Every structure is written in structure tokens, then in C-alpha cells.
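Per-entry structural report
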Amino acid sequence: MNRMTTQLTPPTATGKRPGATTPPAAPRRARRGGPRGHRPWTPWLYLLPALAVLGGLLVYPVYQLGLISFLEYTQAQVSGGEPTSFKGFGNYTTLFADPQFWQVLLATVLFAAACVVTTLAVGCALAVLLTRVRALPRFVLMMAALGAWATPAITGSTVWVFLFDPDFGPVNKLLGLGDFSWTYGRYSAFALVLLEVVWCSFPFVMVTVYAGIKAIPSEVLEAAALDGASQWRIWRSVMAPVLRPILVVVTIQSIIWDFKVFTQIYVMTNGGGIAGQNLVLNVYAYQKAFASSQYSLGSAIGVVMLLILLAVTLVYLRLLRRQGEEL
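All of these numbers come straight from a predicted model, not from anything done at the bench. (Residues numbered from 1 in each chain as written. Predicted model: local features only at pLDDT ≥ 70, side-chain atom pairs only at ≥ 80, totals over all residues. Heavy atoms only, no water.)

**Some remarks on the overall build of the protein chain**
Across its full length, the protein chain holds 15 helices and two strands. In the protein chain, once contacts between residues fewer than 6 apart in sequence are set aside, the share between residues at least 24 apart is 65%. Here the protein chain has roughly 20,800 Å² of accessible surface; of this, 66% comes from carbon and sulfur atoms. (Helix = DSSP H or I, 4+ residues; strand = E, 2+ residues; numbered from the N terminus. Contact = heavy atoms within 4.5 Å. Areas by Shrake-Rupley, 256 points an atom, 1.4 Å probe, with all protein chains shown as cover.)

Next up, the structure:
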């Protein structure tokens, strides 16, 4: 009887039956510490070793580069014959007043643009080809491209100079050009360097775009083919819009790489060509700093290049962030 009375007792106004126990409340998480007692600065502890290495390898050299660009720093100051003096923006004024600087800057921009366009065209074409061939040819092409990508710049440049040598190179013999010198003329020398730059740069574009193409659903491509679209129309109307984020990233990455080309120009044109006709900004800065011992002017050119590439890098990071938000 008592058991029935206990079970039939109506709940009180608070919604609980008499004698019912209240379960203990769950412990609250600390707001400022986050889950499991983590602190906001905990991730920075893990990044601290990498930041220290980057600070020593990047921040300090950039600081020294900017500092020297504001000083009078030539061989006399290096040897201790004259004291170092502060020039302010005098080096930049001298640099911007030099017509050769603007000629070299224009040549650098045009050369980098030609390299980027050619690299993207070759890389994208071979990426599409990889999707059309069988496994064995695809493997051979992939290994050959990765071998070109892994070749050091100075080694590849030396090999290309030998291939196009007017006396012993096989290319002139195959084309019947006799003793034609590719490095004598300005445009032929730039074309030769462009071929070498594209040869060692297209594998990055090819592999990246190929991975993006494989991520496209096959049903979409099959539907476009069934509708009668040609291969060029499929690329322009189906693949390119889907691959746009990847194409933007590889384009900006190629701009950064090709704008600061040094080894290929220096090795293949013997330091910038006849009378400096094949100079780019990197080689021009090297000549000013080390060949002419005008270290302050060379540093000023380096700062200008740094600012240009920094602007391109900021655009690159912004596009990466936008791409991450879209994904």
C-alpha cells in the first residue's frame, strides 16, 4: 500500500516528485582557457621554433637589405677606407633616374609574362593529355616531367647551352642552322632562356592541373561529350571554370618564380648578354652590387623587387584564403 502511495503521489509545482533527487550539474568549461584547459597562446608555443628559424633566415637579411639601401656603401666603406654615411632615399633617386633600370624592369616584366603564359599553356595541354593516354604512357610522361622539375637550375641551363651550342650542339645540326649563335642576338637569347625556364617549370602546372581535372566528376565530362562538345569547348566551358581557383594559384606562383629568374639568365647569357642586352632585375642587382661594388644600389634594386613580389604574394595569399572559404 505504501509502495502504491509513493508511486501515485502527484508531482509538485516545480515538476518534481517528492523524494526525487536532483542530478549533479555538469561542470562548466572555463571560458578563457578553452576546452581541456588550453590557453590562447598555446599554438604559438608550437610555432615558436619555426618562427625563430624564419626570423633568422628572413627577417634579419631583409632588415640588412633595407638598411644598406639607405647608406653610402661601396668598396671604400667595406674595406674601411671611408666611413659609412646615411643617404636616405638618395640611392632610390639615383636608381629611378637611371634609364637602364626602367629598361631592365620592362624587360623583366615582359620576359616573366612570356614565361608564365607559355608555362601555363604547356602545363595545361599536357595535363589534359595525361587524362587521354593509357597508364604506361602517362607514367613515362609523368616521370620525365618530374625529372625535369627536379633538375637543378644550373645543371639544366648548362645542358641547354650545350644543346644549342653553335659548334657542338645537336639542335643546330638537326635544324640545319650551321654556326648560328642563339645567345648572340637579344631576342634569340631570351627565347632560349624562356625554353629552359618553361622546361623546368611546366611540371608544377601539369601535376597541379591534372589533379584538379581528376577531381571533376566524370559524369559532367561525359554529358558534355554526349552533347557534341569538342575537346576545346569542354576545356573552355567545363574544365576551366571548375579549375579557376587552381589556375589562379599556379599563375601567381609562376609569376613569383619567373620574375626573380637569375641562374638561367646568368649562366646561359654569360652574365646578362652582350652589353647587358639580356639583363633582368636579379642579374642587374648582382652586377651593381658585386661587379661594380655599388652595394647600396644593388640593395635598392633588391628592395624594389621585394616590394613587387610582396604585392604579388599578398594577392596570392588573398586568393588562397578565398579559395579555402569556397571549399
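**Structural notes on the environment of Ala145**
Looking at the secondary structure, you find Ala145 in helix 6 (residues 135-150). It is 8.5 Å that separates the C-alpha atoms of Ala145 and Trp199, two residues lying 54 residues apart in sequence. If we ignore the near neighbours within four places in the chain, the residues touching Ala145 are Phe202, Pro203 and Met206.

**Here's the deal with the environment of Thr108**
Topologically, Thr108 is positioned in helix 5 (residues 99-130). Of the residues examined, Thr108 reaches a relative accessible area of 1% and is grouped as buried. Between the C-alpha atom of Thr108 and that of Val261, which follows or precedes it by 153 residues, the distance is 9.0 Å. Not counting residues within four places of it along the chain, the set of residues in contact with Thr108 comprises Phe259, Val280 and Leu281. (Buried < 20%, exposed > 50% of the residue type's maximum accessible area, 1.4 Å probe, protein only.)

**What about the packing of aromatic side chains?**
Across all of its chains, the model carries 22 aromatic pairs by this definition. Among the aromatic residues, those joined into a cluster by ring pairs are Phe70, Phe86, Phe89, Tyr92, Phe96, Phe101 and Trp102. One cation-aromatic arrangement involves Arg186 over Tyr187; the distance from NZ or CZ to the ring centre is 6.0 Å. (Phe/Tyr/Trp six-rings, centres within 6.5 Å; stacked < 30°, edge-to-face > 60°. Lys NZ or Arg CZ within 6 Å of the ring centre and 35° of its normal.)

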